[in-house]
Amino acid sequence: MSLLVVGLSHRSAPVSVLERAALNADAQLKLLQDTVAAEPATEAAVLATCNRIELYADVDKFHAGVAELSTLLAQHSGVGLDELTPYLYVHYEDRAVHHLFSVACGLDSMVVGEGQILGQIKDSLAKAQDVHSAGRLLNDLFQQALRVGKRAHSETGIDRAGQSLVTFGLEQLSASNAVEQWARGKKALVIGAGSMSSLAAATLARAGVAEIVVANRTPDRAERLAQILAEGDDTDVLARAVPMESVPVELTRADLVVSCTGATGLVLTAEAVASAVEGRTGETAADGGSVTPSPTDGGSGRTAVAAAARGELPPTSLGAEDGCPLDLPVAQTAGFSVLGEAAVAGMAAADLEQHAAWVDNGVTRQQNAAPAGALGVLDPAEEADAIAALAAAAAAVGRVPERRKPEPVAEIPRPEPTLFLLDLAMPRDIDAAVHRLVGVRLVDIESLAGASATGPDQRTPSAGPMAADVDEVRRIVADEVAAFGAALRAAHITPTVVALRTMAADVVANEIARLDGRLPGLDDKHRAEITQTVKRVVDKLLHAPTVRVKQLAAEPGGAGYADALRTLFDLDPETVAAVSRADGADEEPENSKNRGPA
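Residues numbered from 1 in each chain as written. Predicted model: local features only at pLDDT ≥ 70, side-chain atom pairs only at ≥ 80, totals over all residues. Heavy atoms only, no water.

**Let's talk about the sheet that holds strand 10 (residues 440-443)**
Spatially, six strands are ordered 7-6-5-8-9-10 in an open sheet, and the strand pairing comes out parallel. At either end of the open sheet lies a strand with only one pairing partner, and these are strand 7 (238-242) and strand 10. Strand-to-strand twist in this sheet, taken as the mean axis angle between neighbours without regard to direction, amounts to 15 degrees. Here helix 9 (residues 165-173) sits on the sheet and contacts strand 8 (256-259), strand 9 (419-423) and strand 10; the angle it forms with strand 9, its principal contact strand, is near 150 degrees. Contacting strand 6 (211-215) and strand 7, helix 12 (residues 219-230) runs over the sheet at an angle of about 175 degrees to strand 7. (Pairing = 2+ DSSP bridges. Helix = DSSP H or I, 4+ residues; strand = E, 2+ residues; numbered from the N terminus. Axes fitted to C-alpha atoms, helices over the stretch in contact; angles between N-to-C directions. Contact = heavy atoms within 4.5 Å.)

**Some details on helix 12**
Here helix 12 contains 12 residues, and its C-alpha end-to-end distance of 16 Å stays within 8% of the 16 Å for a straight helix at 1.5 Å per residue. Those residues of helix 12 lying buried are A222, L225, A226 and L229. The buried residues of helix 12 all sit within an arc of 100 degrees when viewed along its axis, so they share a single face. Pointing more than 90 degrees away from the buried face of helix 12 are the exposed residues D220 and I228. The inward-facing, buried residues of helix 12 abut helix 11 (195-207), strand 6 and strand 7. (Expected span 1.5 Å × (residues − 1). Buried < 20%, exposed > 50% of the residue type's maximum accessible area, 1.4 Å probe, protein only. Arc of directions from axis to C-beta.)

**Considering the packing of helix 5 (residues 94-104) against helix 7 (residues 136-155)**
Closest axis-to-axis distance for the helix 5/helix 7 pair is 8 Å, and the angle between their directions is 45 degrees. With respect to helix 7, the element helix 5 is oriented oblique. Relative to helix 7, helix 5 is oriented so that their crossing is right-handed. Seen from helix 5, the contacting residues are V97, L100, F101 and A104; seen from helix 7, they are L141, F142, Q144, A145, V148 and G149. Here the contact of helix 5 with helix 7 is built from residues that sort into eight nonpolar, two polar and no charged. (Parallel < 35°, antiparallel > 145°, perpendicular 65-115°, else oblique. Left-handed = near helix turned anticlockwise from the far one by under 90°. Nonpolar A, V, L, I, M, F, W, Y, C, P; charged D, E, K, R; others polar.)

Here is the structure:
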């Protein structure tokens, strides 16, 4: 077995890198074709989801395979190889099988135990089969991964530990409140009609939203999804489809937006979202409730939202003085003082020097402008020793040492959100600048990655029944990896055993032909008896060695037994290869019937 996987995921790379490396459907197909055209690889499959990009291949050389697959990923993702390499991981042979089986069971997901990955694995296999880049190895591997994932969900309670990424995102939007209670009665806009968008729409319908509007670039798909939602037996939701051109208008009506498209650019810009929020009525929110006023807007929630729409966002620091190169808070005294050291702790020495020059240039101006009774300007000479010591320390370590914690800065109160946005696309559909808009809450893949890594349980159950379920799934994965490896190694020696028996049959046939030449008067009955006797002798001599070699080959490190068998019996390598090709042709119809998207 020469299975190799090279990839990156939310565990190895920041979301900003994953977003840039994301592959659309066309890029995935081109990557498959280029991979099998490369010298080290004979088969290829791509698993691309919102939080992982992995390239699987059957290679004949490990180091050459790693180099080639890494280069291909960089070329097709558009991220430079030097930049991409630090975030890549590599798995080989049994470790590669273990990785895919773990992924299929949801153990490597952002939300542990989620079952949505099974559909994505099935889609990946279908793409590879469509371009004929999946041969016997990857067909068997991905089909077995699907079986292992289904077994994990049916035989354990891993579903209790996991949930879909959609549900996780809705939990983050609702600020950990009960999703059903938070979503009930809201109007939802779903942008996209693919598998993730369909899951989101179904989840919202079950959660009790009052209305779902589906927008998609292909109207037929939007209409079909809206019809399925409206006709659902377990929900009572109004559903309708609109063209993408109607999204700006629908934004002004929606309380909740979920977007997951295959677009390569932004679907919703910050300006579009700000305009939509500003377009709402000032007296009430979209759901009929009052807009919570902000203390800074004179009692009108609309004022703060409108200010955000015009770009008047809250300042990043309190009291920053105009012209300050570092945007530091204004000191209560003119001139530089180590009493303000907390404000510059950790600053690079060069930045400190720049800031000090700016302060020095402003001392005279501030002295002349100081009104009577104002706090006097400190004489720099009085603090010369302290400044010199601080500068020396900065020069020694390259930055200002942090000797005490900065004073806490009170955050500006923000009004409660009136529009909730969930972006599940990779690359993102919604401009990240929306995070800064007042009256809007955005949760995207980056937010979910942070929440999954810093949550109270880090999204990985560590105690109780959930931990037992996860441990049981890990045992299933380990057993299945061992069984798959044994079957693969045993299958590897089968063509050699078949070639050996074929050679033995040829020897028997040749010897019977010689016997006919020496004994031309031999009747048919005796000839048949002699032929059967010789075949039984040959079969008995070969039975024990061939059975034993299959058992040995199934064990770790057993691949060498096939080579030994070929050497001992002087088997023609081309004969063995011909058997392998014939077996592959026989299996093609079985593989073909499994094609098709999830």
